[in-house]
Amino acid sequence: MKLEEQLVLKLYNPELRESALVELSKKREMFPDLAPLMWHSFGTMFVLLQEIMSFYPALSPPMLSASVSNRACNVLALLQSVASHPETRIPFLKAEFTEYLYPFLNTTSNARSFEYLRLTALGVFGALVKVDDTEVVNTLLDGHIIPLCLRIMETGSELSKTVATFIVQKIILDEAGLQYICATPERFFGIAIVLARMVAEQPSTRLLKHIVRCYLRLTDDPRAHIALQTHLPEALRDGTFDNGLRDDAVARHYRQQLLDNLAVPAGGAPPAVPGSAAAGVTQPVPAPAAGGAPHPGPGSVAGASPEGSSQEGLSHAHPGPAPSAGAAPHPGPGPVVGGSPGGSSPSSAHPGPAPTEVGAPHPAPGPVAGGRPGGSSQAGPRRRRR
């Protein structure tokens, strides 16, 4: 029996499960067929789902210890392998496993254990969107991924912000994602406000590149184009980041193309500024109303207005709170954002690399027969359509 088969069998034994999770997480890059093995072997995905749900009670109130966080990250790393593999990506998505990960992104504690958990959960979504696929984007838009990513972009660590911004970027690069974001003023200004706050915080070059790419993509929509001609942060125009972008030709190209696009008039009327009643991006995601009404999108938070704004521009924005001093960046993030997948790390909590090609969907069944568990709102994610 192969080593990976032995380790997967150990997952069925509660006494051996933790050690098997550690070994599989560390060595998953050594096993190219680990994802199909876990997906098609009897009961394995159900065991991982049980593990995911067992962490819910520690999320609210926040009582997640470092050891429990590491175990949760090991489970999420295996789910990322399934989300990355071309044979299992679409079945994983159709089985609605992502619904069970939203509670991890919905946490607000700045403790290191929670920051690692959010980062590793983001790695699963990053693996899904790294391969351009409209079906993936449409499925994620039916969930809470946009408002949750926006909140992490405001309050997370530098690394979490980078991964969350990468996910938003990949979603709006798809035509369905761009249309969704620009469909209402609340959605457009929710993203524009958060991007402006991040620019004001002097982000790293890597994060800035994803921010500028998001702005550049938004200019493809005529109304968003007009709005950004007025509301683009002045720091992106006046050379504030010239030194930081000196060694990144791609980021410089994105910024120059953004400025060139905004110098050209665009047709259409700009979106109206959302009122003060719009949902704030730093608030927990509300439960959907019956009937599948679209989420109003994050709105404004009282504070200082970004540079370059006007009476019809971005609502008053204020930089989100910085993470606590203990919330150091996770040494092993999920997929390498915007680049090639990184290598493995000694830490067992590190997610694995993202896929490079799309495979045909496998008609494998979902992980749980008879529906998904109920319970508290934190532990009972539900499927909904906008």
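This structure is a prediction, so every number in the text was calculated from the model and none was measured.

Section: the overall build of the chain
Tallying secondary structure elements over the chain gives 16 helices and 2 strands in all. Relative to its 386 residues, the chain shows a buried fraction of 53%. Counting only contacts in the chain whose residues sit at least 6 apart along the sequence, the fraction spanning at least 24 positions is 76%. With the model as given, the accessible surface of the chain reaches about 15600 Å², and the carbon-plus-sulfur share is 54%.

A few points about the environment of V82
Note that V82 resides in helix α5 (residues 66–84). V82 sits in the buried class, given a relative accessible area of 0%. Along the primary structure V82 and W39 are separated by 43 residues, whereas in three dimensions their C-alpha atoms are 7.4 Å apart. What V82 contacts, discounting residues up to four positions off in sequence, is A35, M38, W39, M45, T88, R89 and F92.

Brief notes about helix α8 (residues 112–130)
When the terminal C-alpha atoms of α8 are compared, their 26 Å separation across 19 residues agrees well with the 27 Å that a helix rising 1.5 Å per residue should span. Along α8, 18 of the 19 residues are buried, which leaves the element largely enclosed by surrounding structure.

Overview of the packing of aromatic side chains
In this structure the tally under the stated criterion is 5 aromatic pairs. Considering the side-chain rings of F188 and F189, the 5.0 Å spacing of their centres and the 75 degrees angle between planes classify their relative orientation as edge-to-face. By relative accessible area, which is 2% here, F188 ends up buried. A residue is classified by how much of its surface remains accessible, and F189, at 0% relative accessible area, is buried. Joined through ring pairs, the aromatic side chains of W39, F92 and F97 make up one cluster. Lying across the ring of Y180, R187 places its NZ or CZ 3.8 Å from the centre. Across the ring face of Y254, the terminal group of R213 is positioned such that the distance to the ring centre comes to 5.2 Å.

Things to note about the nonpolar core
With 99 residues, the main nonpolar core has F104, I145, Y215 and L218 as its most contacted residues. For L218, the contacting residues outside a window of four places in its chain are I172, L178, I181, C182, F188, I191, L195, A224, H225 and L228.

Some words on the environment of L119
Residue position: L119 is located in helix α8. When its relative accessible area of 2% is taken as the criterion, L119 is described as buried.

Structural notes on unusual backbone geometry
A cis amide bond links S60 with the next residue in sequence, P61, at an omega value of -5 degrees. With respect to the element layout, P61 can be found in the loop between α4 (44–54) and α5. Its identity is not glycine, yet E96 carries a phi of approximately 65 degrees, on the positive side. With respect to the element layout, E96 can be found in the loop between α6 (89–94) and α7 (102–105). Residue classification places E96 among the buried residues on the basis of a relative accessible area of 19%. Residues other than glycine seldom take positive phi values, yet Q202 does so here, at roughly 55 degrees.

Points about the side chain of T44
Looking at where T44 falls in the secondary structure, it is placed in helix α4. Look at T44 and you get buried, because its relative accessible area is 0%. When neighbours within four sequence positions are excluded, T44 is seen to be in contact with V8, L11, Y12 and M38.

Side note on the packing of α8 against helix α11 (residues 158–173)
Orientation of α8 relative to α11, taken along the N-to-C sense of each, is 25 degrees, at an axis distance of 9 Å. Taken together, the axis directions place α8 and α11 in an arrangement best described as roughly parallel. In the packing of α8 onto α11, the handedness of the crossing is left-handed. Touching E115, L119, L122, F125, G126, V129 and K130 of α8 are L159, S160, V163, A164, F166, I167, K170 and I171, all from α11. In terms of residue class, the contact of α8 with α11 is made up of 10 nonpolar, 2 polar and 3 charged.

What to know about the packing of helix α1 (residues 3–10) against helix α2 (residues 14–27)
Running from amino to carboxyl end, α1 crosses α2 at an angle of 145 degrees, the nearest separation of the two axes being 8 Å. Seen from above, α1 lies across α2 with left-handed handedness. Across the interface between the two elements, L3, E4, L7, V8 and K10 of α1 pack against L16, R17, A20, E23, L24 and K27 of α2. Across the contact of α1 with α2, the residue classes tally to 6 nonpolar, no polar and 5 charged.

Side note on the confidence of the model for the chain
When the pLDDT values of the chain are averaged, the result is 78; 69% of them are 70 or greater. Every residue in residues 276–386 is under pLDDT 50, and counting partners more than four places away or in other chains gives 265 contacts.

Structural notes on the pattern of salt bridges
Across all of its chains, the model carries 13 salt bridges by this definition. For E51, the salt bridge goes to R71, with nearest N and O atoms at 2.9 Å. Taken as a pair, E51 in helix α4 and R71 in helix α5 lie far apart in primary sequence, 20 residues in all. With relative accessibility at 6%, the residue E51 sits in the buried group. Classification of R71 by relative accessible area gives partly exposed; the value is 21%. For K94, the salt bridge goes to E135, with nearest N and O atoms at 3.9 Å. Within this pair, whereas K94 is found in helix α6, its partner E135 is found in helix α9 (residues 134–141), the two being separated by 41 residues in sequence. A single network of salt bridges, built from pairs that share partners, joins R17, E18, E51 and R71.

Cut-off values and rules
- Along each chain, residues carry numbers from 1 onward, in the same order as the chain's sequence is written.
- Predicted model: local features are reported for residues with pLDDT of at least 70 only, side-chain atom pairs are reported and counted for 80 or more only, and whole-chain, interface and lining totals are derived from all residues.
- The basis for every side-chain value is the complete set of heavy atoms in the structure, and neither hydrogens nor water enter the calculation.
- Helix and strand definitions here come from DSSP, where helices need a minimum of 4 consecutive H or I residues and strands a minimum of 2 consecutive E residues; each element is numbered from the N-terminal end.
- Think of it in three bands: residues with accessible area under 20% of the maximum for their type are buried, residues over 50% are exposed, and the middle band is partly exposed, with areas taken using a 1.4 Å probe on protein chains only.
- Contacts between residues were defined by any pair of non-hydrogen atoms, one from each residue, lying within 4.5 Å.
- Here the Shrake-Rupley method, with its probe set to 1.4 Å, supplies the accessible areas, and only the displayed protein chains count as covering residues.
- To estimate how far a helix should extend, the number of its residues minus one is multiplied by 1.5 Å.
- Between 30 and 60 degrees the pair is tilted, below 30 it is stacked and above 60 it is edge-to-face, where a pair is any two Phe, Tyr or Trp rings, Trp via its six-membered ring, whose centres lie within 6.5 Å.
- When the NZ atom of lysine or the CZ atom of arginine is within 6 Å of a ring's centre and also within 35 degrees of its normal, the charge is said to sit over that ring.
- As used in this record, nonpolar core signifies buried Ala, Val, Leu, Ile, Met, Phe, Trp, Tyr and Cys residues forming a set joined through side-chain atoms within 4.5 Å.
- The axes used here are C-alpha line fits, helices contributing only the stretch in contact, and every angle between their N-to-C directions lies in the interval 0 to 180 degrees.
- To sort the angles, those under 35 degrees are grouped as roughly parallel, those over 145 as roughly antiparallel, those from 65 to 115 as roughly perpendicular, and the leftovers as oblique.
- Take the far helix as the reference: if the near one is turned anticlockwise from it by less than a right angle, the crossing is left-handed, and if turned clockwise, right-handed.
- Here the term charged refers only to Asp, Glu, Lys and Arg, the term nonpolar to Ala, Val, Leu, Ile, Met, Phe, Trp, Tyr, Cys and Pro, and the term polar to all other amino acids, Gly among them.
- Summary of the metric used: pLDDT quantifies the predictor's per-residue confidence within the range 0 to 100.
- Any Lys or Arg side-chain nitrogen located within 4 Å of an Asp or Glu carboxyl oxygen qualifies as a salt bridge.

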